[in-house]
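# Survey of secondary and tertiary structure
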Amino acid sequence: SAAAERQSHSIFGRVHVEPGRHLFPLAIERPQRYAQNRVALIGEAAHVVPPIGAQGLNLGLRDGIDLASVVSKAKAAGEDLGAPQVIARYGAARRSDILSRTFVIDVANRSLLSDLVPMQSLRAVGMHLIGGFGPLRRLAMREGLAPSWRNARKAG
Ligand SMILES: Cc1cc2nc3c(=O)[nH]c(=O)nc-3n(C[C@H](O)[C@H](O)[C@H](O)COP(=O)(O)OP(=O)(O)OC[C@H]3O[C@@H](n4cnc5c(N)ncnc54)[C@H](O)[C@@H]3O)c2cc1C
């Protein structure tokens, strides 16, 4: 408990570690719909992904951005903010971002867990290239923050 409290710089106050171990399987979970019945799902409620490639929070932030955009446009148009056609726009706005990110994270996760030598070699070469080649590293960082097609779509 003391070690955990020290490591967290006491920002959570007094830490008491519960005895026993807890397992959290690295899983991918997605709802069938992102919005329905006047409810819009954002963050971890809309997508659970393994912590690979630091994508979970970024996806959640983009959920918030898209929801704010859908709601503000609906408000400006005098629409009911929870109306089915309004929240359906949020679902449509989020679908491709969440699905494409989840797919990439799933592939990366499987490559990590795989014992197949070709898969491990491919992954090692990819990581080496990203680590050693500046433009590729910057591209990976940029795409990690937000997919470029999103900006292109907004500009268009
Ligand atoms: C080990 C790990 C490393 C990660 N690293 C990164 C990273 O580097 N970059 C990145 O972008 N993302 C990362 N993520 C993902 C990121 O942490 C999540 O995407 C983000 O925290 C989701 O935010 P959220 O607010 O939606 O959900 P959460 O952070 O899960 O917050 C939900 C909150 O609701 C509370 N809660 C739950 N049920 C109830 C209830 N019934 N009543 C009241 N409160 C309730 C919970 O206690 C919790 O505080 C990582 C995740 C893990 C597990």
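The structure contained in this document is the topic of the report that follows. Note that the structure is a prediction, hence the values are computed from the model and not measured.

Another aspect to go through is the overall build of the chain. When helices and strands are counted, the chain shows six helices and two strands. Counting from the amino terminus, helix and strand elements in the chain follow one another as α-β-β-α-α-α-α-α. Since a compact globule built from 156 residues should have a radius of gyration of about 15 Å, the 20 Å found for the chain marks it as more spread out than a globular shape. Within the chain, the fraction of its 156 residues that count as buried is 26%. A sequence separation of at least 24 residues applies to 57% of the contacts in the chain between residues at least 6 apart.

Turning our attention to the pattern of salt bridges. Scanning the model with the defined rule gives eight salt bridges in all. Across the salt bridge formed by Arg 94 and Asp 66, the nearest N and O atoms sit 2.8 Å from each other. Of the two residues, Arg 94 sits in helix H3 (residues 84–113) while Asp 66 sits in helix H2 (residues 56–76), which places them 28 residues apart along the sequence. Two residues, Arg 110 and Asp 106, come together in a salt bridge whose shortest N-O distance is 3.2 Å. Of the two residues, Arg 110 and Asp 106 are both situated in helix H3; the distance of four residues between them amounts to about one turn of the helix. You can call Arg 110 exposed: its relative accessible area is 54%. Residue classification places Asp 106 among the partly exposed positions, given a relative accessible area of 22%.

All residues adjacent to the ligand are Gly 43, Glu 44, Pro 51, Ala 54, Gln 55, Gly 56, Leu 57 and Asn 58. A distance of 3.4 Å separates an oxygen atom of the ligand from a polar atom in the backbone of Ala 54. Between Leu 57 and the ligand, the recorded distance is 2.8 Å, taken from a backbone N or O atom to an oxygen atom. Within the complex, the protein chains bury 28% of what would otherwise be the 1000 Å² of accessible surface of the ligand. Taken together, the residues of the shell around the ligand break down into three nonpolar, four polar and one charged.

Moving on to a nonpolar patch on the surface. A grouping of Phe 103, Val 104 and Val 107 is seen on the molecular surface, where their side chains present a nonpolar patch of about 310 Å² in accessible area. Looking at where Phe 103 falls in the secondary structure, it is placed in helix H3.

All right, on to the nonpolar core then. Judged by nonpolar contacts, Tyr 34, Ala 35, Ala 46, Leu 59, Val 70, Ala 74, Ala 83, Val 86, Ile 87, Tyr 90 and Ile 98 together constitute the single largest core of eleven residues. Sort the elements by how many residues they give to this core and H3 lands first, with four residues.

Bringing H3 into the picture now. Counted at 1.5 Å a residue, the expected span for H3 with its 30 residues is 44 Å, and the 41 Å between its end C-alpha atoms agrees. Considering bend angle alone, the principal kink of H3 is centred on Arg 94 and spans about 35°.

Residues apart from glycine generally show negative phi values, whereas peptide bonds are mostly found in trans. Even without being a glycine, His 9 presents a positive backbone phi close to 55°. Counting through the fold element by element, His 9 comes out in the loop between helix H1 (2–7) and strand S1 (35–36). Among the residues examined, His 9 registers a relative accessible area of 66% and is labelled exposed. Of note in the backbone geometry, Ser 10 takes a positive phi value of approximately 60° without being a glycine. Looking at the element boundaries, Ser 10 is found in the loop between H1 and S1. The exposure class of Ser 10 is partly exposed, given its relative accessible area of 40%.

Another aspect to go through is the side chain of Ser 114. Checked against the element boundaries, Ser 114 lands in the loop between H3 and helix H4 (117–132). Leave out the neighbours within four places in its chain, and Ser 114 touches Met 119 and Gln 120.

What counts, and at which threshold
Residues numbered from 1 in each chain as written. Predicted model: local features only at pLDDT ≥ 70, side-chain atom pairs only at ≥ 80, totals over all residues. Heavy atoms only, no water. Helix = DSSP H or I, 4+ residues; strand = E, 2+ residues; numbered from the N terminus. Rg over C-alpha atoms; globule rule 2.2 N^0.38 Å. Buried < 20%, exposed > 50% of the residue type's maximum accessible area, 1.4 Å probe, protein only. Contact = heavy atoms within 4.5 Å. Salt bridge = Lys/Arg side-chain N within 4 Å of Asp/Glu carboxyl O. Near = heavy atom within 4 Å. Polar contact = N/O pair within 3.5 Å; in protein donor to acceptor, adjacent residues only side chain to side chain. Areas by Shrake-Rupley, 256 points an atom, 1.4 Å probe, with all protein chains shown as cover. Nonpolar A, V, L, I, M, F, W, Y, C, P; charged D, E, K, R; others polar. Patch = residues over 30% accessible without salt bridge, like charges linked within 9 Å, V, L, I, M, F, W, Y side chains within 5 Å. Core = buried A, V, L, I, M, F, W, Y, C linked by side-chain atoms within 4.5 Å. Expected span 1.5 Å × (residues − 1). Bend = angle between axes of the 7 residues up to and from the residue.

Worth remembering: the numbers are spatial, not functional.
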